[in-house]
Structure formats: C-alpha cells, structure tokens
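Okay, here's what each chain looks like letter by letter:
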Amino acid sequence: MKFMARNRRAAFTLFWIVSGIFFLTQCVHPENKQTTKAVPEEKVNLSQFAGSQACAGCHKNIYDSHIHTAHYLTTRPAQVEFIKGSFQPGKNRFAYDSDRVVVMEKRDSGFYQVAYFRGDEKIAGRFDIVVGSGSKGQTYITRYHGQLYQLPVSYFTAARNWANSPLYPTNPILFNRPITSRCLECHSSLATVLSAPNVEPESFDEKMIYGVDCEKCHGPAARHVAFQTQNPQAGHAEFILNPARFTKKQNLDLCALCHSGRLQKTKPSFEFVSGDRLSDYFAIDTFPPDPDHIDVHGNQYGLLRASQCFKMSGTMTCTTCHNPHENERGQIALFSQRCMSCHNAAHHNTCSLTASMGSSIAQNCIDCHMPRKPSQSITELLPGHLAPTAAMIRTHLIKIYR
Ligand code: HEC
Ligand code: HEC
Ligand code: HEC
Ligand code: HEC
Ligand code: HEC
Ligand code: HEC
Ligand code: HEC
C-alpha cells in the first residue's frame, strides 16, 4: 500500500477550486497545421507519441543536449537522481513547530513525506512525480486513487532546504491540494484525463510523457519514427512539424501556451498541438498588456510583447534569443551577442553607453536592460530565512531602467 492514512481527520478534504471552463466540443483546425498530414486528425492520445528516447538514434546531438534542459527536467518520475532535496538524517525534515514535523524518508516502496505529531506518524505520502528542474525549486506530486496531489513540503534551491509548499497553510499539515490538467499541460508533454469534464479533482492515467519533450514542440511523432525507420534511404522527413517553417504567430503561440501566465482555457487541456492557434483553446484578451501589472513569473510572452525590440523589429520571437535544444542558463555573454545581432554599428542602434564603457558593454546587456524583478506569485526560500520571500525573475520587458 503506497498511501498510509492513519489519521482520518488528516485525510483528504478537498478545498481547491479549479478555474477552468470545459467544453465538450473538439475542434480541429487543419488549416493552421504546417502540413495536414503531420498531425493525425483524431484526438491527441498516447499511441501517437514515440517518446524522446526514440529520437536519440537519428538526432543524437539534439537528444543529448535536450536532456539537460529545464524543459526536459520539469517533470520526472520520483527517482533519486531527480529529487534535489536530501534524505540524510538531520537534513531530511521540516518542522512546522515543536509538535508537527514532516520527515523525508526512504522506505522499501519509495520515497515518502511522513507527517508526525509529537513523534507519532499520522500520514505518509509517496513522492511519485517531481515538478521543477530545480533552478528555483521543486515540488512533488503523490498519486492517490488516480488523482494527483501536491505534497506538503517542497525543496527551495537557494536555501538548499525543505520548506512548506507555496499556497499550503502552515497549520494543519495538509496533503490535499489537487494537481490539475492545466498544471500538467505546462509541466509535461501529455497526461490523459480519465474523469469526466467538470469533475474535480480530475483523475489521470498513470502513463504520461514527462517533461516538455520533443513532441510537445514537434507534434506527436510515432508516424515520423515509423516512416524514417522503414525508409532509411528517404533523406527527407515525413509526419513531423518543424517550427522553423511556422508563421511568426504559430511560433509565438507554441511558447505562449506555457509562457503567458494564467490563461482561461476554453477546451480541455492537451488538445492544443504545436502549430495550432492559441486563441482556439484559450480566452486571450486582445488588449495590449500593461507591463507594470504583468507578473514576471511565467509571462515572458506578455512582457516581451510590450517591449520596443519586439514591437519595432517585427521579426522577434522567443527563438531569436533562445535555442530550444540547449541549456544556456546563466550564459549572459552569449545572450548579449544575440542582442548585438540587431544592435550593432551597421544598424546604427547601439547602446549610447558604448562610447563610455567600451568593449565591456558587450559582455552584459542583460543586467541593465532585463533586470531581475520580484515575482508576485512565486516565492523562494533564501539562506538563513525561515519564511519564503518573492522569487527574483528576469523580466522580459526590455527597456532602459534608470
Ligand atoms: C530512423 C531515424 C529517425 C528517427 C528515429 C527520428 N527522426 Fe526525425 N528525421 C529523420 C530524418 C532522416 C529527417 C530528415 C533529414 C533531417 O532533417 O535530418 C528528420 C527530420 C526531423 C525534423 C526536421 C523536419 C523538417 O521538416 O525540417 C524534426 C523536427 C525531427 N526529425 C524530429 C524528430 C523527433 C522529435 C523524433 C523522435 C520522436 C525523431 N525525429 C525521430 C530521421 C529520424
Ligand atoms: C508545454 C509547456 C511549455 C512550452 C510549450 C514551452 N515551455 Fe519553456 N518552460 C516551460 C516550463 C514549465 C519551464 C520551467 C522549467 C523548470 O525550470 O522546471 C520552462 C522554462 C523555459 C526557459 C528557462 C530555461 C532555464 O534554463 O531555466 C526558457 C528559456 C524557455 N522555457 C523557453 C521556451 C521557448 C523559447 C519555447 C517555445 C519554443 C518554450 N519555452 C515552450 C514550459 C514550456
Ligand atoms: C501557464 C503555465 C504554467 C502552469 C499552469 C503552471 N506552471 Fe509552474 N512554471 C511555469 C513556468 C513557465 C515556470 C518557469 C518560471 C518562470 O519563468 O516564471 C514554472 C516554474 C515552476 C516551478 C519552479 C521550477 C524551477 O525549476 O525552479 C515549480 C515547482 C512549478 N512551476 C510548479 C507548478 C505546479 C505544481 C503547478 C500546478 C499547480 C504549476 N507550476 C502550474 C509554467 C506553469
Ligand atoms: C521547446 C520546444 C522544442 C523542444 C522541446 C524540442 N524542439 Fe526541436 N525545434 C524547436 C524549434 C523552435 C526548432 C526550429 C529552430 C529554428 O527556428 O531554427 C526546432 C528544430 C528541430 C530540428 C530541425 C533541425 C535543427 O537542428 O534545427 C530537429 C531535427 C529537432 N528540432 C529535433 C528535436 C528533438 C529530437 C527534440 C527532443 C530531443 C527536440 N527537437 C525538442 C523546438 C523544440
Ligand atoms: C530582432 C532584433 C532585436 C534584438 C535581437 C534585440 N533588439 Fe533591442 N531593439 C530592436 C529595435 C528594432 C528597437 C527599436 C529602436 C531601435 O532601433 O533601437 C530596439 C530597442 C531597444 C532598446 C530601447 C528601448 C526603449 O524602450 O527605448 C533597448 C534598451 C534594447 N533594444 C535592448 C536590447 C537588448 C538588451 C537585447 C538583448 C537582450 C535586444 N535589445 C535585442 C531590435 C532588437
Ligand atoms: C531579446 C532576447 C530574448 C528574447 C526575445 C526572449 N528571451 Fe527569454 N531570456 C533572455 C535572457 C537574456 C534571459 C536570462 C537568461 C539567464 O539569466 O540565464 C532569459 C530568460 C528566460 C527564462 C527564465 C526566466 C528566469 O528568470 O528564470 C524564460 C522562462 C524565458 N526566458 C522564456 C522566454 C520566452 C517564452 C520568450 C518568448 C516569449 C523569450 N524568453 C524571449 C532573453 C530573451
Ligand atoms: C551599465 C548598464 C548598461 C549596459 C551594460 C548596457 N546598457 Fe544599453 N543603455 C543603458 C542606459 C542607462 C541607456 C540610456 C542612455 C541614455 O539615454 O543616455 C541605454 C540605452 C540603450 C539603447 C537605446 C538607444 C540609446 O542609446 O538611447 C539601446 C538600444 C541599448 N541601450 C542596448 C544595449 C545593448 C545591446 C547592450 C549590450 C551590448 C547594452 N545596451 C548594455 C544601460 C546599459
């Protein structure tokens, strides 16, 4: 038995209200697809996917670098190599107060968060899914009768420590925050909802495709793998999407699926396929965003859209600066070179500090023009602090900050 509830009062009381509008209709818009044959016409399902390991044989370099990206790592099965926090005695506990403690324990059937009251075990939840590459932190999901719940304690990277999961109260210790399909739509490639629309909490098939994997951006690819395997002499690709040939809008919509903050969905999660029009699946307000009221967390699209670079260049997309297959986190000089692909002497639009700062300017356009800003919605536990504070996130509102 993987879930042990010894105290029925601490067991699941459901309080989480999920915003989300469901429609039973499933519209397919083949005219938006890059090629009509690339994506099968029937509803997206697991049998259409090959999984990224199937790509490794023929696209080895991309595969080898992709498995180090935050995208690939953003959900993983709860194996020891993916859980960042410590299970070592002394480092494996979070005390809510002197009576109530959660201890991270390795048991025969896996890793558990075990809640104790005055030394007595009350409830234990198994780590089943890890959420977060861990650049800011990780949170953990447990399965319970097909439903998914967030565990009470998360890992905070800056403090290198465990603490109360965001949005959970500090009293009592709860294990009852349901994970929604929208949460998994941003943090994984495919999960199958088994419960009827509008039933909450939702239940899910145990099989899922972890991480933001190849096929999230290139479309379900089982047919591509089958075709290329059976036709090794073909030399050209079939049944696969390449965003390099998308329109600018299709390109941005793909990244905006997960990088434009909270969106109100109008169709069930996971029906959007790369190449589709985002507004066919979500209610998107068409008013120009007020950048001062966009949270830096997760809304890179909204902020970028408000920037002069984006508005005036006409060509900018996320992949102007980001290589989708590489982990380039922290490589500020490399990103600065990408700024200078537009801001250079030939285009007469270099930084006016170039003359006074000389060549040192080329190393870091980022800290001056895309500074880190506090998030209103995600928190971070800093070293030596007991309570989490606002996480600092790189703003995508590129401008002159005085
Ligand atoms: C049996 C070999 C093989 C496998 C397995 C394979 N591919 Fe390909 N793929 C090819 C060949 C051949 C091409 C065409 C030449 C090229 O672009 O390298 C191609 C091209 C592509 C392209 C570019 C398509 C275009 O129109 O420009 C993408 C994207 C792609 N593959 C993704 C994938 C993904 C994702 C997987 C795993 C799910 C995968 N491939 C598995 C052989 C394979
Ligand atoms: C299915 C959802 C999804 C899609 C589609 C998606 N992303 Fe992400 N992206 C995420 C999530 C979730 C994270 C945070 C991962 C983490 O750290 O756990 C992330 C992180 C990132 C990061 C930060 C990487 C780092 O090293 O910290 C960049 C850059 C990024 N995405 C760019 C893109 C671009 C460009 C596209 C479009 C080509 C895109 N994303 C499409 C969900 C998505
Ligand atoms: C709209 C898409 C979206 C939804 C929905 C979403 N996230 Fe995220 N999440 C992101 C993105 C994008 C990031 C990367 C941080 C950033 O750029 O602000 C992120 C970051 C995180 C991180 C930190 C990752 C790291 O490596 O530092 C965790 C943990 C996380 N999300 C958990 C969740 C959980 C749990 C849910 C559901 C209850 C959820 N998220 C819902 C898009 C989303
Ligand atoms: C976050 C989205 C995303 C993910 C995940 C992703 N790709 Fe891509 N891929 C792209 C985009 C965008 C392009 C087009 C880049 C450009 O504009 O040149 C691309 C291009 C390609 C190409 C065309 C040739 C090339 O080198 O540009 C191949 C092949 C490919 N991807 C394979 C893969 C494989 C295999 C994986 C998984 C191991 C993968 N991709 C994961 C977004 C993604
Ligand atoms: C695709 C081309 C392109 C790229 C890449 C680009 N920009 Fe720009 N940027 C522009 C254009 C066009 C303008 C409008 C005015 C001009 O020509 O200078 C602009 C304007 C600016 C401004 C003035 C904004 C204002 O509000 O007055 C700053 C600062 C700036 N860019 C910084 C950057 C930085 C930093 C990067 C890299 C992170 C970058 N840009 C990348 C095209 C680009
Ligand atoms: C003009 C260049 C540029 C463009 C265009 C751009 N980014 Fe970024 N992005 C950056 C830089 C620079 C960083 C900081 C990288 C670092 O610190 O490692 C960054 C960081 C990120 C992060 C990590 C944020 C954090 O603080 O954890 C995400 C997520 C991201 N970008 C997504 C996107 C998405 C999605 C788009 C398109 C809507 C996009 N970016 C467009 C330059 C750009
Ligand atoms: C030390 C901080 C700093 C660095 C580093 C920096 N900038 Fe600037 N940048 C500024 C300031 C401040 C201004 C406004 C100057 C003024 O109005 O006198 C500015 C102005 C600009 C402008 C608007 C045109 C203008 O001169 O009014 C652009 C474009 C720009 N920077 C791009 C860049 C690029 C690209 C880089 C990296 C190669 C860069 N900046 C590096 C601080 C910086």
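Looking at this model, I keep getting lost on the site of ligand 1. Mind explaining?
Residues in close proximity to ligand 1 total 18 residues, the closest being C55, C58, H59, H224 and R245. In the environment of ligand 1, a nitrogen atom lies 2.8 Å from a nitrogen or oxygen atom belonging to the side chain of H224. Here the element with the most residues in the shell around ligand 1 is helix α5 (residues 222–230); it accounts for four residues. A per-class count over the shell around ligand 1 returns nine nonpolar, eight polar and one charged.

Even after reading the chapter, I still don't get the coordination of the iron atom of ligand 1, so can you show me in this structure?
A four-donor tetrahedral metal ideally has 109.5 degree angles, and a six-donor octahedral metal ideally has angles of 90 or 180 degrees. Protein coordination at the iron atom of ligand 1: the donors are H59 (NE2) and H224 (NE2), at 2.0 to 2.1 Å from the metal. Around the iron atom of ligand 1, the six donor atoms are arranged such that angles at the metal cover 86 to 178°; this shape is classified as octahedral. Placement of the pair is H59 in the loop between β1 (4–5) and α1 (60–66) and H224 in helix α5, with a sequence separation of 165 residues.

What am I meant to see in the pattern of salt bridges here?
In a structure, side chains of opposite charge can pair up when their charged atoms sit close to one another. Evaluated as defined, the whole model comprises eleven salt bridges. Here R100 and D97 are joined by a salt bridge, their closest N and O atoms 2.8 Å apart. The partly exposed category is assigned to D97, whose relative accessible area is 33%. Here D367 makes a salt bridge to R394, at a shortest N to O gap of 2.9 Å.

Whenever I open this one, the coordination of the iron atom of ligand 7 confuses me. Can you help?
Looking at the metal site, the iron atom of ligand 7 is ligated by C351 (SG) and H369 (NE2), spaced 2.0 to 2.2 Å from it. Classification of C351 by relative accessible area gives partly exposed; the value is 31%. When its relative accessible area of 25% is taken as the criterion, H369 is described as partly exposed.

In this structure, what is going on with the side chain of N92? I would like to understand it.
Mapped onto the fold, N92 is located in the loop between β2 (75–77) and β3 (93–95). A polar contact of 3.5 Å, which involves the side chain of N92, links it to the backbone nitrogen of G90. Setting aside its immediate chain neighbours within four residues, N92 contacts S86, F87, V102, V103, M104 and W162.

Would you explain the nonpolar core in this entry?
Most often, soluble globular proteins keep nonpolar side chains buried together rather than apart. Core analysis: the largest hydrophobic core is formed by 24 residues, its most contacted members being I83, V102, M104, F127, Y140, V153 and W162. Those elements giving two or more residues to this core turn out to be β4 (100–107), β5 (110–117), β10 (153–156) and β11 (161–164). It is β10 that contributes the most residues to this core, three residues altogether.

Honestly, the pairing of β4 in this entry has me stumped. Any pointers?
Walk down a regular strand and you will see the side chains alternate between the two sheet faces. In terms of burial, β4 is a largely internal element, six of the eight residues being buried. Note: β3 against β4, three bridges, orientation antiparallel. Note on β4: the bridge partner recorded for A95 is V101. Turn length for the β3-β4 hairpin, with the two strands adjacent in sequence and antiparallel, is four residues. Sheet topology places β4 next to β5; eight bridges connect them, and they run antiparallel. Directly across from V103, in β5, lies its bridge partner V114.

Would you mind going over unusual backbone geometry with me for this structure?
A negative phi angle is the norm for most residues apart from glycine, just as the trans form is the norm for most peptide bonds. That bond from N171 to P172 is cis: its omega, 0°, falls within 30 degrees of zero. With respect to the secondary-structure elements, P172 resides in the loop between β11 and β12 (177–178). Of note, the bond from E200 into P201 is cis; its omega dihedral lies within 30 degrees of zero at -10°. Following the sequence through the fold, P201 ends up in the loop between β13 (188–193) and β14 (204–210). At F239, a residue that is not glycine, the phi angle is positive and equals roughly 55°. Turning to its location among the elements, F239 is positioned in the loop between α5 and α6 (248–259). One non-glycine residue, H348, lies in positive phi territory at about 55°. By secondary structure assignment, the location of H348 is in the loop between α9 (332–339) and α10 (354–357).

I would appreciate a short explanation of the packing of aromatic side chains in the present structure.
Both the distance between ring centres and the angle between the ring planes are used here to describe each pair of aromatic rings. Across all of its chains, the model carries eleven aromatic pairs by this definition. Between F127 and Y140, the ring centres sit 4.7 Å apart and the planes meet at 65°, which makes this aromatic pair edge-to-face. Of the two residues, F127 is situated in the loop between β6 (120–126) and β7 (129–131) and Y140 in strand β8 (residues 137–144); the sequence distance between them amounts to 13 residues. For Y140, a relative accessible area of 0% corresponds to the buried category. With centroids separated by 5.9 Å and ring planes inclined at 50°, the aromatic side chains of Y140 and W162 adopt a geometry described as tilted. You can see Y140 sitting in strand β8 and its partner W162 sitting in strand β11, a full 22 residues away along the chain.

How should the site of ligand 4 be read in this particular structure?
Taken together, 17 residues form the shell around ligand 4, and within it I62, C214, C217, H218 and H325 come nearest. Within the side chain of H218, one N or O atom sits 2.8 Å away from a nitrogen atom of ligand 4. When contributions to the shell around ligand 4 are tallied by element, the ones reaching two or more residues are α1 and α4 (214–218). In terms of residue class, the shell around ligand 4 is made up of nine nonpolar, seven polar and one charged.

About the cut-offs
Residues numbered from 1 in each chain as written. Chains lettered and ligands numbered in written order. Predicted model: local features only at pLDDT ≥ 70, side-chain atom pairs only at ≥ 80, totals over all residues. Heavy atoms only, no water. Near = heavy atom within 4 Å. Polar contact = N/O pair within 3.5 Å; in protein donor to acceptor, adjacent residues only side chain to side chain. Helix = DSSP H or I, 4+ residues; strand = E, 2+ residues; numbered from the N terminus. Nonpolar A, V, L, I, M, F, W, Y, C, P; charged D, E, K, R; others polar. Donors = N, O, S within 2.8 Å, 3.2 Å for Na, K, Ca; no water. Tetrahedral: all angles 85-135°; square planar, octahedral: opposite > 155°, others 65-115°. Salt bridge = Lys/Arg side-chain N within 4 Å of Asp/Glu carboxyl O. Buried < 20%, exposed > 50% of the residue type's maximum accessible area, 1.4 Å probe, protein only. Contact = heavy atoms within 4.5 Å. Core = buried A, V, L, I, M, F, W, Y, C linked by side-chain atoms within 4.5 Å. Pairing = 2+ DSSP bridges. Phe/Tyr/Trp six-rings, centres within 6.5 Å; stacked < 30°, edge-to-face > 60°.

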